[in-house]
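Survey of secondary and tertiary structure
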Amino acid sequence: MTTLPFPSFVSSPPVADGGAAALPAVGRCRIHPETCSSSAGLTEEYRNIVAKTIEQSSVDDKTAGPDRDNNKKLKKKYMKQGVAMARDYLNKGLGIDTSVVDTEIVLTARDIMDSTGLVASCFLDAGCDKIVVDGTDVAALDTAKIPRERLVAAFDGTVASDAACAAAQLAGTVSIRTNDASAEVLLALIGALNDVADEGNKFDVSVEVSAGEDVQALAEKIGEVSRGCSKLRCGGIGIIDPTVQQLGMSYAACARTDRDDGLYTTVVCTRSGEALGLVYSSKESIVAALECGRGVYYSRSRNGLWRKGDTSGHYQTLHRIDVDCDADALRFTVTQRGDDVAAFCHLNTLTCWGEPCGIRHLEGTLKQRLKDAPEGSYTKRLFDDDELLRDKLVEEAQELSEANTKEDVAGELADVLYFAMVRAVKAGVSIDDAAAELDRRARKVTRRKGDSKAFRIEAGNKILSK
């Protein structure tokens, strides 16, 4: 895969002025909460999360005795509180959508040790992709007790091969921070670490570099490193506190195009990966999209930037930009908006290939029924009768659980999806909202037993016995 740049927020938080809140839309970011939180006025909020995980770790739920069951419940309560606080800190405080942006957070060795590693699992459960820890503190790396692939060992400057090997026993990525290293020096460093990885435990490599260069010089360096990493393992190039122009131009420098006009072919998709249409991007339009957090492209007919929705009102919220496997096509993941209808196409349809099908079509139909249902509509009846909708959800779920053949399961699943979507649309919840929640849950490392709940079964049986 192509090595791409990402913002590393050391002093400036993602919510800083100047449109920086959209910088994580390159798909990845690194947060240094001890330093960037103070700029956003979030230091106390962050320290409260750490304190909650330390409080959780102090509860003894292992020793047998009369208080053991209560302590288990208390520890679970503190865990849920900590995760909720961490999610609010990341999503609301820092403005990062962790369900779609691969977020790394730097934790101090002291906080990990004081919480017996629970602060690490807390932030992973809250949506972070990886935890970054001082690579020289092997004890902290070990105490984190999270999957190796979710742990990054960070070093300042060069790192000895034995130190990298020791850290790689516990961390799946080794990250090196440099200051003003040239592209040649960076590639030599990445290559040396790849040699170390080939000799022992395989690990990925990432680097952090200073943004203290003019936009063009930085973009040229990042592009050269990206191309040089085509045969090396390098998971990314963190740019410390970049401007929108620095990050956008550096990102564009890592993509390829064989078009005479220098434009990049761009596929626009929903959160669920459905293609809305095909457009083109320029270096300047990528910068503009990151600056405002919207779908901004290049119009070949107008020979200029095309801010989707400025004329039609059908604007887009930008979630993430990706390059494909050959780095010669971009993908913009967006949520299509619109006051009248969420339409990407100029023909007023969601996609440039006409109306959607399947569950997306069902969602559109239900939204229309909620606004204006024809007389005698069963869907309208469900919207108006909470008890009926609840009963049907329980009834159809039971029928799905008892279906045996492939055809019966498919049919009963379709019934459940219909009634579930009625409930969702009534509550203002979209398919993309559910997809985001699934993506968030996929990042969790703390798992519940998942046993059935007797009181829920009893309630369901009362409904089914009517």
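The structure under discussion appears in the preceding block.
Not measured: the values here are computed from a predicted model. (Residues numbered from 1 in each chain as written. Predicted model: local features only at pLDDT ≥ 70, side-chain atom pairs only at ≥ 80, totals over all residues. Heavy atoms only, no water.)

On the surface, Glu184, Asp214, Glu220 and Glu224 cluster together to form a negatively charged patch. Along the chain, the position of Glu184 falls in helix H8 (residues 183-199). (Patch = residues over 30% accessible without salt bridge, like charges linked within 9 Å, V, L, I, M, F, W, Y side chains within 5 Å. Areas by Shrake-Rupley, 256 points an atom, 1.4 Å probe, with all protein chains shown as cover. Salt bridge = Lys/Arg side-chain N within 4 Å of Asp/Glu carboxyl O. Lys, Arg positive; Asp, Glu negative; His and termini not counted. Charge placed at Lys NZ, Arg CZ, Asp CG, Glu CD. Helix = DSSP H or I, 4+ residues; strand = E, 2+ residues; numbered from the N terminus.)

Take Val174: it is sitting in strand S6 (residues 173-177). In this structure, the C-alpha to C-alpha distance between Val174 and Phe155, residues 19 residues apart in sequence, is 7.7 Å. Setting aside its immediate chain neighbours within four residues, Val174 contacts Ala153, Phe155, Ala164, Leu193, Phe203, Asp204, Val205 and Ser206. (Contact = heavy atoms within 4.5 Å.)

Once that is clear, we can look at H8. In a regular helix each residue adds 1.5 Å, so 17 residues correspond to 24 Å; H8 covers 25 Å between its end C-alpha atoms and thus fits that length. By the burial criterion, the buried members of H8 are Ala183, Leu186, Leu189, Ile190, Gly191, Leu193, Asn194, Val196 and Ala197. Against helix H7 (161-168), S6, strand S7 (204-210) and helix H9 (215-228) lie the buried residues of H8. (Expected span 1.5 Å × (residues − 1). Buried < 20%, exposed > 50% of the residue type's maximum accessible area, 1.4 Å probe, protein only.)

This part covers the packing of aromatic side chains. Inspection of the entire model under this criterion finds seven aromatic pairs. On the numbers, 5.7 Å between centres and 40 degrees between planes, the contact of Tyr46 with Tyr89 is tilted. One end of the pair, Tyr46, is in helix H2 (residues 43-57); the other, Tyr89, is in helix H3 (residues 68-93), and 43 residues separate them in sequence. Comparing Tyr46 with Tyr89, the two get one shared label, buried. Between Arg28 and the ring centre of Phe6, over which it is positioned, the NZ or CZ distance is 4.1 Å. In this structure, Lys308 packs its charged tip against the face of Phe344, placed 5.0 Å from the ring centre. (Phe/Tyr/Trp six-rings, centres within 6.5 Å; stacked < 30°, edge-to-face > 60°. Lys NZ or Arg CZ within 6 Å of the ring centre and 35° of its normal.)

This part takes up the sheet that holds strand S14 (residues 329-336). Spatial strand order, S10-S9-S14-S13: four strands in an open sheet with mixed pairing. Strand pairing shows two members of the sheet lacking a second neighbour, strand S10 (275-281) and strand S13 (316-323), which therefore form its edges. Going from strand to strand, the sheet's axes swing by 25 degrees on average, the running direction of each strand aside. Relative to S10, strand S9 (residues 264-269) runs antiparallel, the two sharing six bridges. Paired with Thr265 across the strands is Tyr280, a residue of S10. (Pairing = 2+ DSSP bridges. Axes fitted to C-alpha atoms, helices over the stretch in contact; angles between N-to-C directions.)

Our next topic: the side chain of His314. In this structure, His314 sits in the loop between strand S12 (304-307) and S13. Setting aside residues up to four positions removed in sequence, His314 forms contacts with Lys308, Gly309, Gln336, Arg337, Gly338, Asp340, Val341, Ala343 and Asn348.

It is worth spelling out the pattern of salt bridges at this point. If you walk through the whole model with that rule in mind, you get 32 salt bridges. Two residues, Asp322 and Arg320, come together in a salt bridge whose shortest N-O distance is 2.9 Å. For the pair formed by Asp322 and Arg320, the shared burial category is buried. Glu363 is paired through a salt bridge with Arg360; the nearest N and O atoms lie 3.3 Å apart. Pair noted here: Glu363 and Arg360 are both in helix H12 (residues 358-371), with a separation of three residues, about one helical turn. Linked by salt bridges that have partners in common, Asp102, Asp129, Lys130, Arg320, Asp322, Arg331 and Arg443 make up one network.

Counting residues in each nonpolar core, the largest one holds 95 residues, and the members touching the most others are Ile31, Tyr89, Ile105, Leu107, Phe123 and Ile131. If one sorts the elements of this core by residue count, H8 sits on top with seven residues. If sequence neighbours within four positions are ignored, Ile131 has contacts with Ile105, Leu107, Ala120, Phe123, Leu124, Ile146, Arg150, Leu151 and Val152. (Core = buried A, V, L, I, M, F, W, Y, C linked by side-chain atoms within 4.5 Å.)

Time to look at the sheet that holds strand S4 (residues 130-134). Spatial strand order, S1-S2-S3-S4-S5-S6-S7-S8: eight strands in a closed barrel with parallel pairing. On average, each strand axis in the sheet is inclined to that of its neighbour by 25 degrees, with strand direction left out of account. Sheet topology places strand S5 (residues 151-156) next to S6; five bridges connect them, and they run parallel. Looking at the pairing, Ala153 lines up with Val174 of S6. Along the sheet, H8 contacts S6 and S7; its crossing angle with S7, the most-contacted strand, is approximately 155 degrees.

Okay, unusual backbone geometry next. Located in the positive-phi region is Ala327, a residue other than glycine, with phi close to 60 degrees. When you line up the elements, Ala327 lands in the loop between S13 and S14. Here Asn348, not a glycine, exhibits a phi torsion of approximately 70 degrees, which is positive. Mapped onto the elements of the fold, Asn348 is located in the loop between S14 and H12. What makes Asn348 partly exposed here is its relative accessible area of 38%.

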